[in-house]
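Here's the letter readout for the chains.
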Amino acid sequence: MATTAPVHPVDEVPPVRHLAAFGLQHVLAMYAGAVAVPLIVGGAMKLSPADLAYLITADLLVCGIATLIQCVGFWRFGVRLPIMQGCTFAAVSPMVLIGTTGGGLPAIYGSVIVAGLAIMLLAPVFGRLLHFFPPLVTGTVILIIGVSLLPVAGNWAAGGVGAKDFGEPKNLALAGFVLAVVVGVQRFAPAFLSRIAVLVGIAVGLAVAVPFGFTDFGGVGDADWVGISTPFHFGAPTFHASAIVSMLVVALVTMTETTGDLIAVGEMTDRRVEPRTLADGLRADGLSTVLGGVFNTFPYTAFAQNVGLVGMTRVRSRWVVATAGGILVLLGLLPKLGAVVAAVPAPVLGGAGLVMFGTVAASGLRTLAEVDFKGNNNLTVVAVSVAVGMLPVGVPTVYAKFPDWFQTVMNSGISAGCLTAVVLNLLFNHLPGKPGSADVATEPEAASA
């Protein structure tokens, strides 16, 4: 009798009701981060409320399309892993500079389109660099991703950056309550509920937040029912050399960050990323970024927030995240739905974020547990990489006096730590050793164990 090959958990299709719940959980986990970039850039350019709303709906629409490309894939586009896509924060400072020095949105979109095309061209090159990411490097990068995200959760828990009541005890109490609900559901609830512990925590937190005045749904009534982003809504793109150069630097940073995120998800789902699949994932990033420039939004990258959710829930199906992409498309086409999701208060997201981002850091430690730290310099590689990666997180203005291109690379703790880990791994584990340390230079397992 013929037997069917077992389906890998990444390719499993859960029941529809599970798809909807798991997918919504991913959307709620990344929504605040997804809309932050258009809000920051549009606010800095002093756009009207109508234009800001347009940027947000356009962003959500392309977020959804980019996620579908990455998860479902077609031809050589898409890593086909549970990866959410969103606007990269690495591009915020360059885009604000481009937009406020005379170029406006058309100059931003011209540089974004060129950067997206460059990413597609460079994807195969990055794919061949995968052997520079042994567990020593990947574990360090995953640890840095998780720890660098924790301040984001902390800011949410305190009420959100810029909130008038930032740091009020009531905000932290609500975040702590949500955190307790998430942990309690994971520990005591049946299997299905434990896998949507974040969604349950957010729902319970929202139910508590409304009567206590943390949020209101007034914006829902003001939002339009239907909103469609049309190509080049703000005018035909313009191409300025200085803007393109700065965005190409951003492209290299986002490719480095995406490489770390893809490897992290590959580790968590037991489907290790190969050079070809890494190139396919980066190529999808490039295509999504081009679409961003055409449809009035910004560069796209893998969203680290959702990496933690995959590790925490142990739901590895890419079709769950594809469903989340479909929900984002709906939110982009139906602004009223987006307004409902936007009403979730920051402290609720903060309580859930502490668990998710902490899970990413813990996953990095789990990967580092496989590495041999005896008789070699691997501990130095981890120590210095984490220190360099955390420097801009702990002291955001540390590179304020440096050139813009340097700030673009090093102000991202993820890219700074990743580059440091790769270079130090090459220095200590691949170059010929100094006299008396031949054992380190001749034992490549020290780097790849």
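Thresholds, definitions, all that
- Residues numbered from 1 in each chain as written.
- Predicted model: local features only at pLDDT ≥ 70, side-chain atom pairs only at ≥ 80, totals over all residues.
- Heavy atoms only, no water.
- Helix = DSSP H or I, 4+ residues; strand = E, 2+ residues; numbered from the N terminus.
- Rg over C-alpha atoms; globule rule 2.2 N^0.38 Å.
- Buried < 20%, exposed > 50% of the residue type's maximum accessible area, 1.4 Å probe, protein only.
- Contact = heavy atoms within 4.5 Å.
- Areas by Shrake-Rupley, 256 points an atom, 1.4 Å probe, with all protein chains shown as cover.
- Lys, Arg positive; Asp, Glu negative; His and termini not counted.
- Charge placed at Lys NZ, Arg CZ, Asp CG, Glu CD.
- Expected span 1.5 Å × (residues − 1).
- Core = buried A, V, L, I, M, F, W, Y, C linked by side-chain atoms within 4.5 Å.
- Axes fitted to C-alpha atoms, helices over the stretch in contact; angles between N-to-C directions.
- Left-handed = near helix turned anticlockwise from the far one by under 90°.
- Nonpolar A, V, L, I, M, F, W, Y, C, P; charged D, E, K, R; others polar.
- Parallel < 35°, antiparallel > 145°, perpendicular 65-115°, else oblique.
- pLDDT = per-residue confidence, 0-100.
- 1 Å grid on protein atoms, 1.4 Å probe; cavity = no way out; pocket = protein on both sides within 12 Å on 5 of 7 lines; lining within 4 Å.
- Points joined across faces, edges and corners; volume = space filled by probe spheres on them.

So, about the overall build of the protein chain. Of the regular secondary structure elements, the protein chain holds 20 helices and 2 strands. Scaling as 2.2 N^0.38, a compact globule of 449 residues should have a C-alpha radius of gyration of about 22 Å, and the protein chain matches this with 22 Å. By principal-axis analysis of the C-alpha atoms, the protein chain measures approximately 70 × 60 × 55 Å. Out of the 449 residues belonging to the protein chain, those deemed buried represent 56%. Once local pairs closer than 6 in sequence are excluded, the contacts in the protein chain between residues at least 24 apart make up 83%. Carbon and sulfur atoms make up 69% of the accessible area of the protein chain, which amounts to about 18,500 Å² in all. If you average the places of the 21 positive and of the 22 negative side-chain charges in the protein chain, the two averages end up 4 Å apart.

For an α-helix, the turn length of 3.6 residues means that residues three or four places apart are oriented alike. In a regular helix each residue adds 1.5 Å, so 20 residues correspond to 28 Å; helix H11 (residues 275-294) covers 29 Å between its end C-alpha atoms and thus fits that length. Within H11, 16 of the 20 residues are buried, which leaves it mostly tucked inside the rest of the structure. With its phi angle positive at about 70°, Asn 296 sits one or two positions after the end of H11.

Looking now at helix H12 (residues 304-313). Most of H12 sits out of view: 9 of its 10 residues are buried. Listed as buried for H12 are Ala 304, Gln 305, Asn 306, Val 307, Gly 308, Leu 309, Val 310, Met 312 and Thr 313. Looking one or two places after H12, you find Arg 314, whose phi comes out positive at around 60°.

Time to look at the nonpolar core. By size, the foremost hydrophobic cluster in this structure holds 113 residues, and its most contacted members are Met 95, Ile 108 and Phe 298. Sequence-distant contacts of Met 95, that is, excluding residues within four places in its chain, are made with Val 37, Val 41, Ile 108, Val 112, Met 247, Phe 298 and Pro 299. Leu 143, Ala 361, Val 382 and Leu 424 belong to the second-largest nonpolar core, a separate cluster that totals 8 residues.

Turning our eyes to something else, we now look at the packing of helix H6 (residues 169-188) against helix H8 (residues 197-209). Relative orientation and spacing of two packed helices are given, respectively, by the angle between their axes and the distance between those axes. It is at 8 Å that the axes of H6 and H8 come closest, and there the two elements cross at 145°. For H6 against H8, the interelement crossing comes out right-handed. Residues Leu 174, Phe 177, Val 178, Val 181, Val 182, Val 185 and Gln 186 of H6 lie in contact with H8, whose contacting residues are Ala 197, Val 198, Val 200, Gly 201, Ile 202, Val 204, Gly 205, Val 208 and Ala 209. Taken together, the residues of the contact of H6 with H8 break down into 13 nonpolar, 3 polar and no charged.

Despite not being glycine, Phe 232 has its phi angle at roughly 55°, a positive value. Inspection of the secondary structure puts Phe 232 in the loop between helix H9 (218-222) and helix H10 (241-269). A positive phi is found at Asn 296, a non-glycine position, where the angle reads about 70°. Within the secondary structure, Asn 296 sits in the loop between H11 and strand E2 (300-302). By relative accessible area, which is 0% here, Asn 296 ends up buried.

Before going further, it helps to examine the environment of Ile 327. Turning to its location among the elements, Ile 327 is positioned in helix H13 (residues 318-333). Sequence-wise, Ile 327 and Ala 20 are 307 residues apart; in three dimensions their C-alpha atoms are separated by 8.8 Å. In contact with Ile 327, not counting residues within four places along its chain, are Ala 20, Gly 23, Leu 24 and Val 27.

This part is about the packing of helix H5 (residues 135-157) against helix H18 (residues 413-429). Relative orientation of the contacting elements H5 and H18 amounts to 160°, with a least axis distance of 9 Å. With respect to their mutual orientation, H5 and H18 come out roughly antiparallel. Judged by the twist between their axes, the crossing of H5 over H18 is right-handed. On H18, the residues that touch Leu 136, Val 137, Thr 140, Val 141, Ile 144, Ile 145 and Ser 148 of H5 are Gly 413, Ile 414, Gly 417, Cys 418, Ala 421, Val 422, Asn 425 and Asn 429. Residue composition of the contact of H5 with H18, by class: 9 nonpolar, 6 polar and no charged.

Detailed reading of the predicted coordinates is not advisable wherever pLDDT falls low. Here the protein chain shows a mean pLDDT of 82. Residues at 70 or above account for 91%. The least confident element of the protein chain is helix H19 (residues 438-441), whose mean pLDDT is 42; the most confident is H11, at 93. Predicted confidence for residues 436-449 stays below pLDDT 50, and this span has 27 contacts to residues more than four positions away or in other chains.

On to the layout of surface pockets, then. Within this model, the second largest pocket holds a volume of roughly 290 Å³. Along its surface, the second largest pocket is lined by 14 residues, and Glu 267, Met 268, Asp 270, Ser 363 and Arg 366 are the ones closest to its centre. Of all the secondary structure elements, the ones that give two or more residues to the lining of the second largest pocket are H10, H12 and helix H15 (346-368). Of the residues assigned to the lining of the second largest pocket, the class counts are 2 nonpolar, 5 polar and 7 charged.

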